[in-house]
Amino acid sequence: MLTKFETKSNRVKGLSFHNKRPWILASLHTGVIQLWDYRVGTLIDRFDEHEGPVRGVDFHNSQPLFVSGGDDYTIKVWNYKLRRCLFTLLGHLDYIRTVQFHHESPWILSASDDQTIRIWNWQSRTCIAVLTGHNHYVMCAVFHPKEDLVVSASLDQTIRVWDIGALRKKTVSPADDSLRLSEMSSDMFGGVDAVVKYVLEGHDRGVNWASFHPTLPLIVSGADDRQIKLWRMNDMKAWEVDTLRGHTNNVSCVMFHAKQDIIVSNSEDKSIRVWDVTKRIGIQTFRREHDRFWVLAFHPEMNLIAAGHDSGMIVFKLERERPAFSVSGDSLYYVKDRFLRIYGFITQKDTQGIPIRRPGSLSLNQSPKTLSYNPTENAVLLSSDVDGGSYELYVLPKDGRVDSAQDVMRGLGVSAVFVARNRFAVLDKVNNNVLVKNLKNEIVKKSSLPFAADSIFYAGTGNLLCRTEDRITIFDLQQRIVLCDLQIPFIKYVVWSSDMESVALLGKHVIVVANKKLVHQFTIHETIRVKSGAWDDNGVFIYTTLNHMKYCLPNGDSGIIMTLDVPLYVAKVYQKVVFCLDRNGKPWPMSIDTTEYMFKLSLLKKKYDSIMSMIRKSQLFGQAIIAYLQQKGFPEVALHLVKDERTRFNLALECGNIQTAVASANEIDEKDHWYRLGVEALRQGNASIVEYAYQKTKNFERLSFLYLITGNIEKLSKMMKIAEIKNDVMGQFHNSLYLGDIYERVKVLEKAGHLPLAYVTASVHGLKEDADRLAKELGDNVPSLPHGKVPSLLIPPAPVLSCGDWPLLRVTKGIFEGGLDNVGKAGEEEEEEEALDADWVEDLDIDDVIGLQNGSVEIVIKNGEVIEGNDEEGGWDLEDLELPPEVVSPKTSVSGRSSVFITPTLGMPVSQSWIKDSSLAGEHAAAGNFDTAMRLLNRQLGIKNFTPLKAMFLDMYVGSQSYLRAFDSAPVVLLEIEKGWIEASNCNARCAPALVLNFSQLDDKLKAAYRATKDGKFTEALRLFVSILQTIPLIVVDSRREVDEVKELIVIAKEYVIGLTMEVMRKEIKDDITRQQELAAYFTHCNLQTVHLRLALVNAMTICFKAGNYMTSATFARRLIETNPPNENQAKKARQVLQACERNMKDATDLNYDFRNPFVVCGATYVPIYRGQKDVSCPYCGSRFVPSTEGSICAVCELAVVGSDASGLLCSPTQMR
């Protein structure tokens, strides 16, 4: 059984597959109907309007409907798109057992405990036939898949076959009037629409299920007499053919397989059995420990079966459907229908080769699993599960004639693969050996593997890629050594690139890509099962899932090529054609559109000419491509693929293309877009565009300040006039401040009623006449000026030069700027004239200020005078400026001077050079790149909790930086501190950063932790060991020897953290003597220093002796004596305890502790995990845990996620060479 999906729920009584979508309905004993997607394993919806158990459910084969029947006597028809019940059919008087839609007519068939079968028209919502005859509960009723027949099973021990042909004729409108007349008379005089054709008797107890064969005139039934009976029928009669015995309890459900000559049944004996229809014997049995099976369902088109049981349901296959195949050159070798077939990729011809032996065993899954082809000797190796794992060697005839094939050679082995011209390797899993054999099937060499492999794959001449449970290893058969290994999830298939430089490792939901030395490059996770893959000539990996064909680029980016109707297995990719095999073993050459991934690949490889060609010739559009280009830093390319003005505007701002941004802003003409354009133009120093944007948004405050900082006194004066016309007092005052116009300032303050301020301003600035006039108006309220202080005048310095746009460097146009401007405009030539220091807007003359409102009076300013006007337009609008043509879509001004200052090229920052080629997290943290440091730690060690590392990150960054004071007016100079720098060294040569954390500090911490442990200061010792574990990820050492010492230190710290934690926990437990003994016992099995182990043994011996567990106490005493303690008191005490215990060798309490069985202690629950039990481990510290803790933060190091994937510790540059 190949399990594809499993659910946990209440008892499942009804099941139904959708014929197109990967959905299954499950009706539960609680009254809930669940809709599951079995492909991704998610619950899509639930329907719970029934009261009581729902025993039957069925999908319609074309409409978005399903029907259900339950113990509330009702039949409900649902629309799963609307997610509600459409209507309810009432008529049955007892529980409804099964419901089914007819495959053609608008009928529903239902069977009930009221001893009747009913046929309903779901369109008219009426009952059109009632089939009576059974005298007990009707347990099931099923339509024939092709004929007008119904079979029913009842607890009255009979199976009835009903003819409903008359009902079909009645629903079809007869063309002849005589037929219509006969139909009316039959209705009038009680005509029968369904009649019993056969009554099958033979079961000794009630019959629970009966069903038709999809093509043959056969019926199968299962009953409470634990038997399955096979019946045959013809036009005249039906009779029993045979009885299948084997179930030990009531048979719940039984069906014919749609594509194979087998019967599948399930029973309350907690088993599913598979029977051979031809030989009429059982061939396989699948059992559950605690769950009775109740119902079966077959997928109408795929090889899937579902079974419902007491605690949920299971979706499974009986056999693998992946054909065994291998690619060699331009040919595909594969097995189909017991023949080896050869398909030519160039000729696309499929030829039949030699016959393949049919396995003598009747078990399922005996077909070949893998095929290995040797092109030199024209030989084929087939591996299968026959006899627990075996292989067959065929040498193909040179002349191509089938009858001249040699005899097949066989042998036992889990997997077999060619490794040289005339050698192949066989894995002997029992003895953990690899046997190298010649083409005569003789053993040439035997190599013992240093690890427990369960499968082998080809990895180059003389090399094997061996798979274990959690890693893969390349093993050299000649030298008998391990070349390299990689820790990854369990994989199923291995696909090498044509140059053997890259390998894709395919798991159930994961693809891991590595190079030939098994250095991890990237991992792709899929929610849908991965089925196959192949490399194309450009280094792109093409792979298929159950419903998609996808691509994967060399940098790990992936995308969808196409959606698949059926699962396909990729054999070879040649240019734009993908050659696949389907599940029936039929080759499929499929043309694909490679534009998208070739475009991305060209970006990755910086082949800009290819990119330009693709943009010109292909239709590359869509949000996905644009988002990808933005993400990868190519907004200027995305700009040429976009027509939407808002998107063009955003992209133009991102790549700094002001000219395009202005054109888009003119099209959009929204305030927010003009504001953003002004911000970007100001950043670039393009004052004319900033002015244009501010005028569009009527942002007069910003406009005035712009004129101030650019020294444009003339326009600033006009802005003051505009503020006066608008009666904007604050704007007028600000502009007078910017201009340094004292007379205007005094005038504004006086007009606004602030006479004291106007007086002070006039007096301070020496305007005696105005001051005297204001003093008279103020009378006795003249403010006094402070004596003895020199006033500072609020007058801005006069601009020496009124500047426009900032000067720009002369730079070479990028390949995408000039080359793509005319995309879609071939043949058009545009000549652009760029004026030196050109303004984007015409000078803001007073003539442009038309129709400004000032109270109720409309005025205009002309030639500096205010006159009345009668313009009908109200409000002052800068958009009415008469702008020159080039200003409508202004263009960025470019300095045209010949002598331009070119700033020197900025060099690479020292911190960036530290991390340029480094994969050491410590160096990234020292450079201040905390984000990349965390990503490295996550990838290398599976670390997810970075809170304990925060202080160390900051210390490392601060410790590798220093600051040098310069002049008082200049900022401090940042200096990076490098390790091993000398004055005579090259100034351009960069060294690694000086790190504040080093290995010698950890050595001192370890010694202090040992002292604290010996002194019994367990809390302090525990803190020190945890600190060591949390410091190591950021340590950098220089030699391989030190790398080994660091790894050894991780193991030491891990053992002490687990042990000391248990000891601290034991001291806190006061009332649980049993748990105290267990924790003390587990502590003695931690890998401790001998002096600490003796103390732990004395402790455990004493606690167990006091608790009356003399047998356990004696084991600790013996272990203590075996350590030869130098302290005579310890040895004497151990001998006394052993002598006392041997008089009464028994334990008062049972402990969860068996010293004879090797174990490790779970780092979270502190219970033993004995050898052979499943466990998960921390990818960093290596602590072991019970499987239930998978996915949580490790309780030992407090950093990594238990059970996550990681590539391993990197702490030295020597590991990266």
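What you see is a predicted model; the values in this text were computed from it and never measured. (Residues numbered from 1 in each chain as written. Predicted model: local features only at pLDDT ≥ 70, side-chain atom pairs only at ≥ 80, totals over all residues. Heavy atoms only, no water.)

What should I look at first to understand the pattern of salt bridges in this one?
Should their charged atoms come close, side chains of opposite charge can pair. Applying the stated criterion across every chain yields a total of 40 salt bridges. Between D454 and R467 there is a salt bridge, with the nearest N and O atoms lying 2.9 Å from each other. Of this pair, D454 sits in the loop between β40 (443-448) and β41 (455-458) while R467 sits in strand β42 (residues 463-467), and the two are 13 residues apart along the sequence. We note a salt bridge from E1063 to R1066, for which the minimum N-O separation is 2.7 Å. Highlighted residues: E1063 and R1066, both in helix α25 (residues 1040-1068), separated by three residues, approximately one helical turn. Residues E1063 and R1066 agree in their burial class; the two are buried. Linked by salt bridges that have partners in common, E750, D770, R773 and E777 make up one network. (Salt bridge = Lys/Arg side-chain N within 4 Å of Asp/Glu carboxyl O. Helix = DSSP H or I, 4+ residues; strand = E, 2+ residues; numbered from the N terminus. Buried < 20%, exposed > 50% of the residue type's maximum accessible area, 1.4 Å probe, protein only.)

Help me out: how do you make sense of the sheet that holds strand β8 (residues 74-79) in this one?
By definition, the strands of a sheet pair up through backbone hydrogen bonds, in either a parallel or an antiparallel sense. Here we have four strands laid out as an open sheet, ordered β6-β7-β8-β9, and antiparallel in their pairing. Bordering the open sheet on either side are β6 (54-59) and β9 (84-90), each of which pairs with just one other strand. Here the average twist between neighbouring strands, direction ignored, is 20°. Pairing between strand β7 (residues 65-70) and β8: five bridges, direction antiparallel. Residue pairing across strands places V67 opposite V77, the latter belonging to β8. (Pairing = 2+ DSSP bridges. Axes fitted to C-alpha atoms, helices over the stretch in contact; angles between N-to-C directions.)

How do you make sense of the side chain of E321 when you look at a structure like this?
Mapped onto the elements of the fold, E321 is located in the loop between β28 (312-317) and β29 (325-328). The buried category is assigned to E321, whose relative accessible area is 18%. Side-chain polar atoms of E321 contact the side chain of K317, separated by 2.9 Å. Here the side chain of E321 touches R583 through a polar contact of 3.4 Å, side chain to side chain. If near-sequence neighbours (up to four positions away) are discounted, E321 is found in contact with N303, Y569 and R583. (Polar contact = N/O pair within 3.5 Å; in protein donor to acceptor, adjacent residues only side chain to side chain. Contact = heavy atoms within 4.5 Å.)

I'm lost on the environment of V1057 in this one. Help?
The residue V1057 is located in helix α25 in this model. Those residues in contact with V1057 that lie beyond four places of it in its chain are L1022, F1025, V1026, L1029 and V1196.

I keep staring at the sheet that holds strand β30 (residues 331-336) and nothing clicks. Help me out?
On the basis of which strands lie adjacent, the open sheet formed by four strands has the order β29-β30-β31-β32 and antiparallel pairing. The outermost strands of the open sheet, each flanked by one partner alone, are β29 and β32 (350-355). Averaged over all pairs of adjacent strands, the angle between strand axes in this sheet comes to 25°, irrespective of strand direction. Note: strand β31 (residues 339-344) against β32, four bridges, orientation antiparallel. When the sheet's bridge partners are listed, R341 is paired in β32 with Q352.

Before we go on, may I ask you to explain the UniProt feature "repeat: WD" (unreviewed entry) in the chain in this structure?
Those residues carrying the UniProt feature "repeat: WD" (unreviewed entry) are residues 47-88, 89-130, 131-164, 200-241 and 244-285 in this numbering. For residues 131-164, the helix share is 0%, the strand share is 59%, and the end-to-end C-alpha distance is 10 Å. (UniProt positions renumbered as here; feature names shortened; annotations may be inferred.)

Can you walk me through helix α23 (residues 999-1014) in this structure?
Along an α-helix, residues three or four apart share an orientation, since each turn contains 3.6 residues. Over its 16 residues, α23 extends 23 Å from the first C-alpha to the last, a length consistent with the 22 Å expected when each residue adds 1.5 Å. Listed in full, the buried residues belonging to α23 are F999, L1002, L1006, A1009, Y1010, A1012 and T1013. Buried residues of α23 fall within an arc of 160° about the axis and therefore sit on the same side. Within α23, the exposed residues directed more than 90 degrees away from the buried face are R1011 and K1014. Tucked inside the fold, the buried residues of α23 contact α24 (1018-1031), α25 and α27 (1090-1106). Of the residues flanking the end of α23, it is G1016, one or two places downstream, whose phi is positive at about 80°. (Expected span 1.5 Å × (residues − 1). Arc of directions from axis to C-beta.)

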